[in-house]
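What follows is each chain in one-letter form.
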Amino acid sequence: MDTVCRSEPPQSKKVCVIGAGMAGLAAARELRREAHDVTVLEQSGDVGGQWLYDPRTDAADPLGVAAPVKVHSSIYASLRLISPRQSTGFTDFPFCPKSGRDDRRFPGHREVHLYLKDFCNAFGLMEAVRLNTRVLHAAMTPARRWAVRSMDLGLVECDDTDEKTLDAYVDEVFDAVVVATGHYSQPRLPSIEGK
(Lines give C-alpha, C1' and ligand atoms only; values in the text may rest on other atoms or scores of the structure.)
Protein backbone atom coordinates (compact mmCIF):
# COMPACT_ATOMS: atom_id res chain seq x y z
CA MET A 1 0.00 0.00 0.00
CA ASP A 2 1.39 3.39 -1.04
CA THR A 3 1.30 6.20 1.42
CA VAL A 4 0.60 9.59 -0.04
CA CYS A 5 2.02 12.60 1.73
CA ARG A 6 -0.48 15.39 1.77
CA SER A 7 0.65 18.75 2.82
CA GLU A 8 -1.62 21.62 3.57
CA PRO A 9 -1.40 24.58 1.22
CA PRO A 10 0.92 27.29 2.48
CA GLN A 11 -0.74 29.89 4.65
CA SER A 12 -0.94 33.33 3.09
CA LYS A 13 1.34 35.84 4.81
CA LYS A 14 1.30 39.62 4.86
CA VAL A 15 4.66 40.63 3.33
CA CYS A 16 6.34 44.01 2.96
CA VAL A 17 8.82 44.45 0.10
CA ILE A 18 11.03 47.52 0.53
CA GLY A 19 12.11 48.83 -2.86
CA ALA A 20 10.51 48.63 -6.30
CA GLY A 21 13.61 48.05 -8.37
CA MET A 22 14.33 44.90 -10.33
CA ALA A 23 14.84 42.68 -7.25
CA GLY A 24 11.88 44.10 -5.32
CA LEU A 25 9.52 43.68 -8.26
CA ALA A 26 10.69 40.11 -8.89
CA ALA A 27 10.21 39.29 -5.19
CA ALA A 28 6.73 40.85 -5.20
CA ARG A 29 5.71 38.88 -8.27
CA GLU A 30 6.93 35.55 -6.83
CA LEU A 31 5.32 36.19 -3.44
CA ARG A 32 2.02 37.02 -5.12
CA ARG A 33 2.27 33.81 -7.16
CA GLU A 34 2.40 32.01 -3.81
CA ALA A 35 -0.80 33.85 -2.78
CA HIS A 36 0.80 36.15 -0.23
CA ASP A 37 -0.59 39.61 0.51
CA VAL A 38 2.23 41.88 -0.72
CA THR A 39 2.81 45.58 -0.14
CA VAL A 40 5.75 47.21 -1.95
CA LEU A 41 7.06 50.45 -0.46
CA GLU A 42 9.08 52.64 -2.84
CA GLN A 43 10.54 56.04 -1.93
CA SER A 44 10.71 57.30 -5.52
CA GLY A 45 7.83 58.53 -7.62
CA ASP A 46 7.98 55.50 -9.94
CA VAL A 47 9.16 51.91 -10.05
CA GLY A 48 12.55 51.00 -11.48
CA GLY A 49 15.06 51.47 -8.68
CA GLN A 50 18.49 52.22 -10.11
CA TRP A 51 16.97 52.32 -13.61
CA LEU A 52 14.83 55.36 -12.80
CA TYR A 53 16.81 58.28 -14.24
CA ASP A 54 16.81 61.58 -12.39
CA PRO A 55 18.30 64.57 -14.25
CA ARG A 56 19.78 65.86 -10.98
CA THR A 57 22.34 63.06 -11.37
CA ASP A 58 23.97 65.10 -14.13
CA ALA A 59 23.97 68.33 -12.08
CA ALA A 60 27.05 70.19 -10.87
CA ASP A 61 27.27 68.21 -7.59
CA PRO A 62 26.15 64.66 -8.48
CA LEU A 63 27.93 62.98 -5.56
CA GLY A 64 26.50 65.33 -2.97
CA VAL A 65 29.79 66.80 -1.77
CA ALA A 66 28.19 70.16 -0.94
CA ALA A 67 24.95 68.70 0.45
CA PRO A 68 23.53 65.25 1.19
CA VAL A 69 22.65 63.25 -1.91
CA LYS A 70 19.00 63.61 -2.84
CA VAL A 71 19.19 61.42 -5.94
CA HIS A 72 18.52 57.71 -5.45
CA SER A 73 20.38 56.54 -8.52
CA SER A 74 23.69 56.86 -10.28
CA ILE A 75 22.15 56.38 -13.72
CA TYR A 76 23.35 59.15 -16.03
CA ALA A 77 21.77 60.48 -19.22
CA SER A 78 23.87 58.54 -21.76
CA LEU A 79 24.01 55.22 -19.86
CA ARG A 80 23.44 52.01 -21.86
CA LEU A 81 23.43 48.36 -20.89
CA ILE A 82 26.78 46.59 -21.02
CA SER A 83 25.05 43.20 -21.25
CA PRO A 84 22.77 42.26 -24.12
CA ARG A 85 19.07 42.70 -23.44
CA GLN A 86 18.53 38.94 -23.94
CA SER A 87 20.51 38.17 -20.77
CA THR A 88 19.15 41.10 -18.75
CA GLY A 89 15.44 40.31 -18.60
CA PHE A 90 13.53 37.86 -16.46
CA THR A 91 13.48 34.28 -17.75
CA ASP A 92 9.70 34.14 -18.09
CA PHE A 93 9.34 37.75 -19.28
CA PRO A 94 11.86 38.28 -22.11
CA PHE A 95 13.32 41.74 -22.67
CA CYS A 96 12.30 41.88 -26.34
CA PRO A 97 12.52 44.96 -28.56
CA LYS A 98 9.22 46.83 -28.90
CA SER A 99 8.07 48.82 -31.90
CA GLY A 100 8.74 52.54 -31.58
CA ARG A 101 11.17 52.10 -28.68
CA ASP A 102 14.92 51.57 -28.32
CA ASP A 103 15.38 48.26 -30.13
CA ARG A 104 19.18 48.06 -29.85
CA ARG A 105 20.78 44.95 -28.38
CA PHE A 106 22.39 47.18 -25.72
CA PRO A 107 19.61 49.71 -25.07
CA GLY A 108 19.74 52.85 -22.97
CA HIS A 109 18.52 53.19 -19.39
CA ARG A 110 15.09 54.49 -20.45
CA GLU A 111 14.33 51.21 -22.25
CA VAL A 112 15.25 49.19 -19.14
CA HIS A 113 12.95 51.38 -17.06
CA LEU A 114 10.12 50.90 -19.58
CA TYR A 115 10.75 47.14 -19.50
CA LEU A 116 10.32 47.14 -15.71
CA LYS A 117 7.09 49.12 -16.05
CA ASP A 118 5.91 46.57 -18.66
CA PHE A 119 6.76 43.82 -16.16
CA CYS A 120 4.64 45.54 -13.49
CA ASN A 121 1.73 45.90 -15.87
CA ALA A 122 1.94 42.31 -17.12
CA PHE A 123 1.72 40.92 -13.58
CA GLY A 124 -0.57 43.55 -12.04
CA LEU A 125 2.06 44.64 -9.54
CA MET A 126 1.22 48.36 -9.45
CA GLU A 127 -1.83 47.68 -7.29
CA ALA A 128 0.59 46.50 -4.57
CA VAL A 129 3.09 49.37 -4.92
CA ARG A 130 3.00 52.53 -2.77
CA LEU A 131 5.16 55.18 -4.42
CA ASN A 132 6.70 58.17 -2.61
CA THR A 133 6.85 56.11 0.58
CA ARG A 134 10.08 56.02 2.56
CA VAL A 135 10.63 53.26 5.12
CA LEU A 136 11.99 54.79 8.31
CA HIS A 137 12.18 51.72 10.54
CA ALA A 138 11.61 47.96 10.45
CA ALA A 139 12.00 45.84 13.56
CA MET A 140 10.99 42.43 14.85
CA THR A 141 8.21 42.53 17.45
CA PRO A 142 8.06 40.22 20.51
CA ALA A 143 5.36 38.29 18.61
CA ARG A 144 7.93 37.51 15.84
CA ARG A 145 6.28 39.82 13.31
CA TRP A 146 7.69 42.94 11.68
CA ALA A 147 6.73 46.47 12.69
CA VAL A 148 7.36 48.81 9.77
CA ARG A 149 7.12 52.58 9.97
CA SER A 150 6.97 54.46 6.71
CA MET A 151 6.38 58.04 5.65
CA ASP A 152 4.25 59.34 2.80
CA LEU A 153 6.68 61.79 1.18
CA GLY A 154 3.84 63.46 -0.70
CA LEU A 155 2.22 64.57 2.55
CA VAL A 156 5.50 65.84 3.99
CA GLU A 157 6.35 67.87 0.89
CA CYS A 158 2.84 69.34 0.60
CA ASP A 159 2.68 70.90 4.03
CA ASP A 160 5.30 71.59 6.66
CA THR A 161 2.87 71.83 9.57
CA ASP A 162 3.42 69.38 12.41
CA GLU A 163 -0.14 68.04 12.13
CA LYS A 164 0.27 67.16 8.46
CA THR A 165 3.70 65.64 9.08
CA LEU A 166 2.27 63.39 11.80
CA ASP A 167 -0.37 62.20 9.31
CA ALA A 168 2.47 61.23 6.94
CA TYR A 169 3.65 58.40 9.23
CA VAL A 170 2.18 54.94 8.73
CA ASP A 171 2.79 52.09 11.19
CA GLU A 172 2.04 48.57 9.94
CA VAL A 173 2.75 45.02 11.02
CA PHE A 174 3.85 42.31 8.56
CA ASP A 175 4.63 38.61 8.82
CA ALA A 176 7.77 39.05 6.74
CA VAL A 177 9.93 41.77 5.15
CA VAL A 178 12.01 41.63 1.98
CA VAL A 179 14.68 44.34 1.81
CA ALA A 180 15.43 45.10 -1.83
CA THR A 181 16.88 48.59 -1.55
CA GLY A 182 20.02 48.05 -3.56
CA HIS A 183 23.41 49.21 -2.46
CA TYR A 184 24.27 52.09 -4.76
CA SER A 185 21.98 54.81 -3.45
CA GLN A 186 24.43 56.64 -1.16
CA PRO A 187 28.04 57.03 -2.25
CA ARG A 188 30.82 56.76 0.34
CA LEU A 189 32.96 59.82 -0.03
CA PRO A 190 36.43 59.94 1.51
CA SER A 191 37.37 62.77 3.81
CA ILE A 192 40.61 64.19 2.43
CA GLU A 193 42.42 66.87 4.41
CA GLY A 194 43.13 70.03 2.46
CA LYS A 195 40.44 69.39 -0.14
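Note: the structure precedes this text.
In this text, all values refer to a predicted model and were calculated from it rather than measured experimentally.

About the thresholds
- Residues numbered from 1 in each chain as written.
- Predicted model: local features only at pLDDT ≥ 70, side-chain atom pairs only at ≥ 80, totals over all residues.
- Heavy atoms only, no water.
- Axes fitted to C-alpha atoms, helices over the stretch in contact; angles between N-to-C directions.
- Helix = DSSP H or I, 4+ residues; strand = E, 2+ residues; numbered from the N terminus.
- Parallel < 35°, antiparallel > 145°, perpendicular 65-115°, else oblique.
- Left-handed = near helix turned anticlockwise from the far one by under 90°.
- Contact = heavy atoms within 4.5 Å.
- Nonpolar A, V, L, I, M, F, W, Y, C, P; charged D, E, K, R; others polar.
- Pairing = 2+ DSSP bridges.
- Phe/Tyr/Trp six-rings, centres within 6.5 Å; stacked < 30°, edge-to-face > 60°.
- Lys NZ or Arg CZ within 6 Å of the ring centre and 35° of its normal.
- Expected span 1.5 Å × (residues − 1).
- Buried < 20%, exposed > 50% of the residue type's maximum accessible area, 1.4 Å probe, protein only.

S.K.: Help me out: how do you make sense of the packing of helix 1 (residues 22-33) against helix 2 (residues 109-122) in this one?
M.R.: Think of two packed helices as two axes; the pair is described by the angle between the axes and how far apart they sit. As a packed pair, helix 1 and helix 2 sit with axes 11 Å apart at the nearest point and diverge in direction by 15 degrees. Put simply, helix 1 runs roughly parallel to helix 2. The crossing of helix 1 and helix 2 is left-handed. Facing Met22, Leu25, Ala26 and Arg29 of helix 1, the residues of helix 2 in contact are Leu116, Phe119 and Cys120. Of the residues that constitute the contact of helix 1 with helix 2, the class distribution is six nonpolar, no polar and one charged.

S.K.: What should I look at first to understand unusual backbone geometry in this one?
M.R.: With the exception of glycine, the majority of residues adopt a negative phi angle, and the majority of peptide bonds are in the trans configuration. Of note in this structure, alanine 35 is not a glycine but carries a positive phi near 70 degrees. Of note, the phi angle at arginine 144 is positive, near 65 degrees, even though the residue is not glycine.

S.K.: Before we go on, may I ask you to explain the sheet that holds strand 7 (residues 176-179) in this structure?
M.R.: Within a sheet, adjacent strands bond to each other through the backbone by hydrogen bonds, running parallel or antiparallel. The parallel open sheet is built from four strands, whose spatial order is 3-2-1-7. A strand with exactly one partner marks an edge of an open sheet, and here the two such strands are strand 3 (129-130) and strand 7. Pairing analysis gives four bridges linking strand 1 (residues 14-18) to strand 7, with the strands arranged parallel. Bridged to valine 15 within strand 7 is alanine 176.

S.K.: Looking at this structure, I do not really get the packing of aromatic side chains. What am I missing?
M.R.: Pairs of aromatic rings are described using the distance from one ring centre to the other and the angle between the two planes. Taken as a whole and judged by the stated rule, the model has seven aromatic pairs. One cation-aromatic arrangement involves arginine 29 over phenylalanine 90; the distance from NZ or CZ to the ring centre is 5.8 Å. Taking the ring centre of phenylalanine 95 as reference, the NZ or CZ of arginine 85 above it sits at 4.5 Å.

S.K.: Looking at this structure, I do not really get helix 2. What am I missing?
M.R.: Each full turn of the α-helix corresponds to 3.6 residues, which orients residues three or four apart in the same direction. Between its terminal C-alpha atoms helix 2 stretches 20 Å, which fits the 20 Å expected from 14 residues at 1.5 Å a residue. By the criterion of burial, helix 2 is predominantly enclosed, with 10 of the 14 residues buried. Summarising the contacts, the buried residues of helix 2 are in contact with helix 1.

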